Amino acid sequence: MNLNGFFQEKYQLTISFRLQFFSNIFYIFLVLAVSLNQPKLSPTATWNSNGITFANRSIVGEYPLAIFVNTNNTTYVANRENNTIVMWEEDSVSPTKIIHGDFIEPTSIFVTSNSSIYIDDGFENRRVQKWSAETSTFITVMSVNSSCWGLFVDINDTLYCSMSDYHQVVKRALNDSVLASNRVAAGTGIEGSASNQLAGPGGIFVDVNLNLYVADCLNNRIQLFQSGEPNGITVAGYTSLNPTITLDCPSGIILDAERYLFIVDLLNHRIVGSGLNGFRCLVGCYGEGSQSNQLNKPFSFSFDRSGNIFATDQTNHRIQKFLLMKDSFALSFNQPKFCSTAAWSSNGITIANQSVVGEEPTVIFVNINNTIYVANRENNTSVMWQEESDNPTKIISGDFTQPQSLVVTANGDVYIDDGETNGRVQKWIVETNNFVTVMHVNSSCWGLFVDINHTLYCSMYNHHQVVIRSLNDAVMASNRVAAGTGIEGSDSHELDGPRGIFVDVNLDLYVADCYNGRVQLFQSGELNGITVAGKSSLIPITLYCPSGIILDAEKYLFIVDAGNHRIVGLDLNGFRCLVGCYGEGSQSNQLSGPLSFSFDHSGNIFVTDQFNHRIQKFQYLEESCGKFRMIE
């Protein structure tokens with residue numbers, strides 16, 4: 001398969017270490033020699049889903065493939081249409097330099113710390129060229145058999161070329177004055193999927209330990225070849241040891257400062273990244289297209305030193321820049337880490353009764369500062385308690401009517417359901433103390449959620465559907481469907497009376513599917529759900545109208561089982577009842593029609609005890625995990 005035709009158609013390292021003095025000096029020297037940016041990012045770091053067009057076809061030509069941003073924030077793009085290298089100095093809007101050469105349709109580029117530029121010229125001329133910043137001239141530094149779909153210069157000044165058409169990565173030491181034969185770094189030269197083989201390799205990355213990572217396009221995987229080893233280990237893809245991502249022709253790869261993988265997933269038209277909880281989509285998460293939040297066959301990308309992403313949006317003939325969202329470093333809600341024997345007091349404490357929270361309270365939210373928010377549906381207010389306050393410290397009045405749900409973001413803004421009468425979701429802005437409409441809906445939202453990409457979700461109980469819209473969009477366009485067909489049903493793509501929702505950092509959506517007695521997981525971008533709790537789940541439990549759901553730090557499910565008047569939780573041993581385990585009632589160890597709950601940062605459970613018209617607090621028992629505290 002000729003990948004050239006195929007594709008055309010369609011240290012800022014932060015390192016903590018304890019070594020002897022001379023080892024420190026040596027390692028620091030290696031880090032300083034790295035020319036590309038490897039930012040240290042939060043596990044929940046997000047980027048604005050809407051990209052900015054940094055350069056269009058008039059500047060970068062047709063089908064741009066190669067981009068590189070160095071540690072000085074100089075951006076380099078290979079223009080394949082007129083065979084030039086276009087450069088932007090930091091903060092420059094327009095190119096500051098254009099380098100002309102006699103290379104033809106370059107596919108990859110790499111820039112070293114001394115500003116030497118290595119560029120692919122293998123398509124017709126069977127070579128890699130180096131442009132010297134000191135002399136402004138090109139010389140041949142490597143002979144190859146085909147285009148190099150990936151180039152890399154490691155800390156030992158060894159040049160690597162990924163020959164896609166020959167299913168192999170070759171290398172040569174640039175310190176050798178004689179242009180000797182190349183050595184094999186990975187692949188046998190025969191297309192295959194065995195551990196020592198490659199199929200259409202694209203982008204490559206070599207870390208400071210000289211481990212080689214290869215975007216093995218046609219095998220839909222990332223292969224790690226540890227230094228000197230001919231057999232690779234699959235570290236991303238459905239055949240990896242921890243298969244949390246399905247790739248379709250990965251074409252570019254970078255490791256960040258914590259050695260997490262960031263991958264251009266070319267034929268899924270997106271960039272994905274790994275973290276503590278596996279892989280998640282970062283940008284291009286809305287399918288193939290030309291909108292600002294879409295990509296079309298992206299090929300390579302680079303970080304600038306601030307962590308912004310620059311991507312070659314190949315078939316849209318442009319370079320897109322996606323800004324790192326600074327406020328994404330903190331989640332707004334608590335996800336404690338518990339041991340498998342964690343327990344809570346069976347007797348709840350009433351922290352608020354009907355005189356404070358009104359009749360039949362349905363929603364509660366506790367943020368990471370331990371501020372408690374409850375919607376009072378009787379007088380249409382939002383009641384707030386600061387940490388450890390016995391009485392409400394603030395009451396927010398609005399023109400919403402009988403809100404079913406609310407969610408609070410990290411900056412203190414409150415999103416509240418107002419769909420029953422007014423067909424909308426409102427946002428209370430903490431800075432201005434004002435309400436604005438942020439979403440139009442057809443009914444009440446029985447669940448609200450704002451994910452790490454600043455997308456708002458509404459669970460429409462009466463319409464059997466979850467809809468979403470990006471809060472980054474200035475124009476309030478039509479909502480998109482996240483789950484459900486709008487017709488009640490029990491098939492994998494259907495819902496029946498959905499209530500509470502939860503979206504994790506991988507953008508996977510969990511839905512409390514009330515009348516189907518189950519919790520459904522809709523993986524990012526998928527319209528067919530997987531039953532993760534209920535009679536038909538792999539770990540079966542009988543639920544009677546689940547209404548609320550939270551994942552803890554280990555991704556275990558905690559569910560409000562409304563019709564059974566209890567809260568249940570999952571751990572290594574399966575599901576078990578946590579609170580409300582003594583049947584429906586009004587005693588301190590009972591609940592009646594609970595609808596939602598929230599953890600505080602100590603792991604205590606706060607629950608809306610709907611038909612008892614109260615908020616109950618169930619104390620986490622630290623001693624249940626032994627003498628060591630198990631919550632982080």
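Residues numbered from 1 in each chain as written. Predicted model: local features only at pLDDT ≥ 70, side-chain atom pairs only at ≥ 80, totals over all residues. Heavy atoms only, no water.

Caption draft 1: How the structure looks around the side chain of Thr608. Relative to the helices and strands, Thr608 is located in strand β50 (residues 605-609). For Thr608, a relative accessible area of 0% translates into the label buried. Excluding residues that lie within four positions of it along the chain, Thr608 makes contacts with Pro361, Thr362, Val363, Ile364, Gly593, Pro594, Leu595, Ser596, Arg614 and Ile615. (Helix = DSSP H or I, 4+ residues; strand = E, 2+ residues; numbered from the N terminus. Buried < 20%, exposed > 50% of the residue type's maximum accessible area, 1.4 Å probe, protein only. Contact = heavy atoms within 4.5 Å.)

Caption draft 2: Main features of the pairing of strand β45 (residues 546-551). Of all six residues in β45, six are buried, a share of seventy percent or more. For β45 and strand β46 (residues 557-561), the ladder comprises five bridges, and the chain directions are antiparallel. Paired with Leu551 across the strands is Leu557, a residue of β46. (Pairing = 2+ DSSP bridges.)

Caption draft 3: Representation of the sheet that holds strand β32 (residues 394-397) within the structure. Strand order in the open sheet formed by four strands is β29-β30-β31-β32, and the pairing between neighbours is antiparallel. At either end of the open sheet lies a strand with only one pairing partner, and these are β29 (364-366) and β32. Ignoring strand direction, the axes of neighbouring strands in this sheet form an average angle of 20°. Pairing geometry for strand β30 (residues 372-376) and strand β31 (residues 381-385), over five bridges, is antiparallel. Pairing of Val374 across the sheet is with Val383, part of β31. (Axes fitted to C-alpha atoms, helices over the stretch in contact; angles between N-to-C directions.)

Caption draft 4: Layout of the UniProt feature "repeat: NHL" (unreviewed entry) in the protein. According to UniProt, the "repeat: NHL" (unreviewed entry) feature falls on residues 189-228 and 486-525. Annotated as residues 189-228, this span is 0% helix and 40% strand, and its ends, taken at the C-alpha atoms, are 17 Å apart. (UniProt positions renumbered as here; feature names shortened; annotations may be inferred.)

Caption draft 5: Focus on the confidence of the model for the protein. Averaged over all residues, the pLDDT of the protein equals 89, while 93% of them reach at least 70. A low-confidence stretch, residues 627-632 (pLDDT under 50), is modelled with 17 contacts involving residues beyond four sequence positions or located in other chains. (pLDDT = per-residue confidence, 0-100.)

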